Amino acid sequence: MSKSKFRTTELSNPKFEMDGLRFITVKTDNLKGRGDICVFVPEGDHKDLPIVTLLHGVYGSAWIWAMMGGAHVTANRLIKEGKIKPVILAMPSDGLWGDGSAYNDHHGYSFEKWIAEDVPQAVRENIPQTSEASTLFISGLSMGGFGALRIGAKYGHLYDGVSGHSSITEIQQMELFVEEKLDSYAQDSREDEDVLTAVLQHKETLPPFRFDCGNTDELITFNRVLHQQLNENNIEHVYEEFEGGHQWEYWYEHLEDTLLFFDKIEKTVNK
């Protein structure tokens, strides 16, 4: 077995795991310490499974997509119904800075590289149903939608598909949710503060790209503007609006749209 990228790794004991969920904790320089990942592993003898990274919003952590959003329940149901092929869900913490790290780099931490580099590596090292051949997808909600859309665009050479739910589209919108001052998130490059800029600067390598928002969500106007701007710049994408607001009932229902979107891509990539 090759040497681990991480100085220390802790993996949950299968004896105590339930519902296909397990936990990985690794120490990484990008966080200057440890980071947690909740992982859903479907039943069965699988190899080279695709890895879907799900990023949480403000206030949450690695547990919240599963324990508030039932992400593993949705994935397992779709697999059993034959609507998607088996898939790994990787649900990391955002680094646990303040009310939310915004998944970019500040205060000496690289929350971006934690997501784009460390999380896939930790999953591949510890989940034998994955490998270097596993395709990568990224999605998230609210602040996690901002992280997914921006990181997915910036690291398009790594990801095969990108999706966002109820997404923050510019860093200024963090003010709606956090008590930390906006200048805490200030970046040297606009692509690290704005989804549109990240997309335009990396449009040549942009993976299949979708996002949705509830029609009573406080972020709906920002999502509509992003959709319009992408159209004006001839950026191919999928944008959908549904009934609902900025709440877990919405994300629980519409994670299915993301998983179906990714599965369609996966079948094209590995046909």
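Residues numbered from 1 in each chain as written. Predicted model: local features only at pLDDT ≥ 70, side-chain atom pairs only at ≥ 80, totals over all residues. Heavy atoms only, no water.

Student: Even after reading the chapter, I still don't get the nonpolar core, so can you show me in this structure?
Tutor: When a protein is soluble and globular, its nonpolar side chains tend to lie buried together. In terms of nonpolar packing, the biggest core is built from 55 residues, with Ile-115, Met-174 and Phe-209 touching the most fellow members. If one sorts the elements of this core by residue count, helix α3 (residues 111-126) sits on top with 7 residues. Contacts of Met-174, omitting those with residues within four sequence positions, involve Val-58, Gly-100, Ala-102, Met-143, Ile-168 and Tyr-185. Residues Leu-21, Ile-64, Ala-71 and Phe-261 belong to the second largest nonpolar core, which totals 27 residues. (Core = buried A, V, L, I, M, F, W, Y, C linked by side-chain atoms within 4.5 Å. Buried < 20%, exposed > 50% of the residue type's maximum accessible area, 1.4 Å probe, protein only. Helix = DSSP H or I, 4+ residues; strand = E, 2+ residues; numbered from the N terminus. Contact = heavy atoms within 4.5 Å.)

Student: What's the story with the sheet that holds strand β4 (residues 51-55) in this structure? I'm lost.
Tutor: Hydrogen bonds between backbone atoms are what pair the strands of a sheet, whose relative direction is either parallel or antiparallel. Reading across the sheet, the 9 strands line up as β1-β2-β3-β5-β4-β8-β9-β10-β11 and stay open at both edges, with mixed pairing between neighbours. In this open sheet, the two strands that pair with only one neighbour each are β1 (9-11) and β11 (238-242). Strand-to-strand twist in this sheet, taken as the mean axis angle between neighbours without regard to direction, amounts to 20 degrees. Across 5 bridges, the pairing between strand β10 (residues 209-214) and β11 is parallel. Note that in β11 the partner of Asp-212 across the bridge is Glu-240. Sheet strands touched by helix α6 (residues 220-232): β10 and β11. Its angle to β10, the strand with the most contacts, is close to 150 degrees. (Pairing = 2+ DSSP bridges. Axes fitted to C-alpha atoms, helices over the stretch in contact; angles between N-to-C directions.)

Student: What's the story with the packing of α3 against helix α4 (residues 143-154) in this structure? I'm lost.
Tutor: For the pair α3 and α4, the least separation of the axes is 11 Å and the interaxial angle reads 65 degrees. Between α3 and α4, the interaxial angle falls into the category roughly perpendicular. Along this stretch, α3 crosses α4, giving a crossing that reads as right-handed. Residues Glu-112, Ile-115 and Ala-116 of α3 lie in contact with α4, whose contacting residues are Arg-150, Ile-151 and Lys-154. In terms of residue class, the contact of α3 with α4 is built from 3 nonpolar, no polar and 3 charged. (Parallel < 35°, antiparallel > 145°, perpendicular 65-115°, else oblique. Left-handed = near helix turned anticlockwise from the far one by under 90°. Nonpolar A, V, L, I, M, F, W, Y, C, P; charged D, E, K, R; others polar.)

Student: Honestly, α6 in this entry has me stumped. Any pointers?
Tutor: What sets the pattern is the α-helix's 3.6 residues per turn: residues three or four places apart point alike. Here α6 spans 18 Å end to end across 13 residues, near enough to the 18 Å set by a 1.5 Å rise per residue. Turning to α6, its buried residues are Ile-220, Asn-223, Leu-226 and Leu-230. For α6, the arc enclosing every buried residue in end-on projection is 125 degrees, short of the 170-degree limit, so these residues lie on one face. Those residues of α6 hidden inside the fold are in contact with α4, α5 (195-201), β10 and β11. (Expected span 1.5 Å × (residues − 1). Arc of directions from axis to C-beta.)

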